[in-house]
Amino acid sequence: MEQLSKQQRRAWDINGFIHLEGVLDADEISHLCQQVDDIRTKPGWEPTNLPMGHYDWVEQCQNQDTEGFMDRRDLLSYDDAFINLIDRPGVFDLIVDIMGPYLAFSMSQIIVRASTPKFPGYTHTDGGEGLRRIRVTETSRPLAMKALYLLTDVTEIGSGNFTVFPGSHMRPFPEVDEPIVTPETPGAVPLTAKAGDCIIFPHSLWHGPGPNISGKARKTLLYNYCQMFIRPYDFAVTSEVADRCTRRQRRLLGDLGYDFRPGSYVYVPEDQLDVIENG
Ligand SMILES: O=C(O)CCC(=O)C(=O)O
């Protein structure tokens, strides 16, 4: 399988993220954008007035403007393009190089960041209060990581830029005198990128969206991966989705080839390396 270049490995170890350029081609971007727009009219999981970070089943997106805010979870059933992104060539190989072959797919999400002066952006780690206190060493594989695909250009500052704190996955952060981290906190780096680019980063890196006052929405897809002993979250694999998946995609979704039993996830299936490496 393809592996990280030396420069990418260094970027991962030191900065805690890698920017992959031009992963999706124009046809894929346009198809995925159309899907994102269409999903607004369909039922699914979205935040409502539940506590922050929790999702409710809704009949359609509250905002039907394709430039408006949307945050939808559990994408796989909507279209094969979402299934195919699970082990997308050009990205998945590198994820396996970083995570090792004992990995699972844990979550899929669309986020549309509308252009508005009302949203100042926000900063967090994934995995919340628990995972942010676990900082693995430079030579360790991460517990969990994410691939963020951009479907629109973010080439100017103030366009809802994905904003990172390089190296924050490796040190106690925030500093004691700066308890609240925002996209304005010293050390923040707002990234610019083009539609079709992908940014990969571990859950323990401080990151988040910056403000968007660009006049157009920023559309992204988020695909999460975890070590197999951490179970996937945020979706139940229906047989309708499983039937459309390859052997490798099914494995990544938790199909071990037999029903789960005590011992599964300690000793993985014997064909694990073959499935991950050969699809
Ligand atoms: O950039 C966004 O809108 C959200 C991305 C993010 O913070 C995340 O994936 O956790």
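Before reading further, recall that the structure is shown in the block above.
Here's what I pulled together on the structure shown here. (Residues numbered from 1 in each chain as written. Predicted model: local features only at pLDDT ≥ 70, side-chain atom pairs only at ≥ 80, totals over all residues. Heavy atoms only, no water.)

### Considering the environment of Asp71
Turning to step 1, where the next piece is worked out: Position of Asp71 among the secondary structure elements: in strand β4 (residues 70-73).
Turning to step 2, where the next piece is worked out: Sequence separation of Asp71 and Tyr55 is 16 residues, and the distance between their C-alpha atoms is 9.2 Å.
Turning to step 3, where the next piece is worked out: Beyond its immediate stretch of four places on either side in the chain, Asp71 contacts Trp45, Glu46, Pro47, Tyr55, Gln109, Ile110 and Ile111.
Turning to step 4, where the next piece is worked out: Side chain to side chain, Asp71 and Tyr55 meet in a polar contact 2.7 Å long.
Turning to step 5, where the next piece is worked out: Among the polar contacts made by the side chain of Asp71, one reaches the side chain of Gln109 at a distance of 2.8 Å. (Helix = DSSP H or I, 4+ residues; strand = E, 2+ residues; numbered from the N terminus. Contact = heavy atoms within 4.5 Å. Polar contact = N/O pair within 3.5 Å; in protein donor to acceptor, adjacent residues only side chain to side chain.)

### Some thoughts on the sheet that holds strand β8 (residues 189-190)
Sheets are built from strands paired through backbone hydrogen bonds, the pairs being either parallel or antiparallel.
Turning to step 1, where the next piece is worked out: The three strands lie next to each other as β8-β7-β10, forming an open sheet whose pairing is antiparallel. The outermost strands of the open sheet, each flanked by one partner alone, are β8 and β10 (207-209). (Pairing = 2+ DSSP bridges.)

### Notes on the site of the ligand
Turning to step 1, where the next piece is worked out: If you check the shell around the ligand, you find Ile111, Arg113, His124, Asp126, Lys146, Phe162, His207, Gly208, Pro209, Arg218 and Leu222 and nothing else.
Turning to step 2, where the next piece is worked out: Within the contact set of the ligand, an oxygen atom lies 3.0 Å away from a side-chain nitrogen or oxygen of Asp126.
Turning to step 3, where the next piece is worked out: In this structure, an oxygen atom belonging to the ligand sits 2.7 Å away from a side-chain N or O atom of Lys146.
Turning to step 4, where the next piece is worked out: Isolated, the ligand exposes 290 Å² of accessible area, and the fraction of that covered by the protein chains is 97%.
Turning to step 5, where the next piece is worked out: Counting only elements with at least two residues in the shell around the ligand, the list comes to β5 (103-113), β10 and β11 (218-227).
Turning to step 6, where the next piece is worked out: Take the shell around the ligand: its biggest share by element is three residues, from β10. (Near = heavy atom within 4 Å. Areas by Shrake-Rupley, 256 points an atom, 1.4 Å probe, with all protein chains shown as cover.)

### Observations concerning helix α2 (residues 26-39)
Turning to step 1, where the next piece is worked out: If you check α2, its first and last C-alpha atoms are 20 Å apart, about what 14 residues at 1.5 Å a residue would give, namely 20 Å.
Turning to step 2, where the next piece is worked out: Of the positions making up α2, those classed as buried are Ile29, Leu32, Cys33, Gln35, Val36, Asp37 and Ile39.
Turning to step 3, where the next piece is worked out: Where the residues of α2 are buried, they touch β4, α3 (80-84), β5 and β11.
Turning to step 4, where the next piece is worked out: Capping of α2 at its N-terminal end is provided by Asp25; its side-chain oxygen lies 3.1 Å from the backbone amide nitrogen of Asp27. (Expected span 1.5 Å × (residues − 1). Buried < 20%, exposed > 50% of the residue type's maximum accessible area, 1.4 Å probe, protein only.)

### Remarks on the nonpolar core
Turning to step 1, where the next piece is worked out: The biggest cluster of nonpolar side chains holds 48 residues, and the ones touching the most others in it are Tyr149, Ile200, Leu221 and Tyr223.
Turning to step 2, where the next piece is worked out: If one sorts the elements of this core by residue count, helix α4 (residues 92-99) sits on top with six residues.
Turning to step 3, where the next piece is worked out: Here Ile200 is in contact with Trp12, Gly16, Phe17, Ile18, Leu20, Val91, Ile98, Met145, Lys146 and Ala147, once residues within four sequence places are set aside. (Core = buried A, V, L, I, M, F, W, Y, C linked by side-chain atoms within 4.5 Å.)

Shape descriptors only; they carry no functional weight alone.
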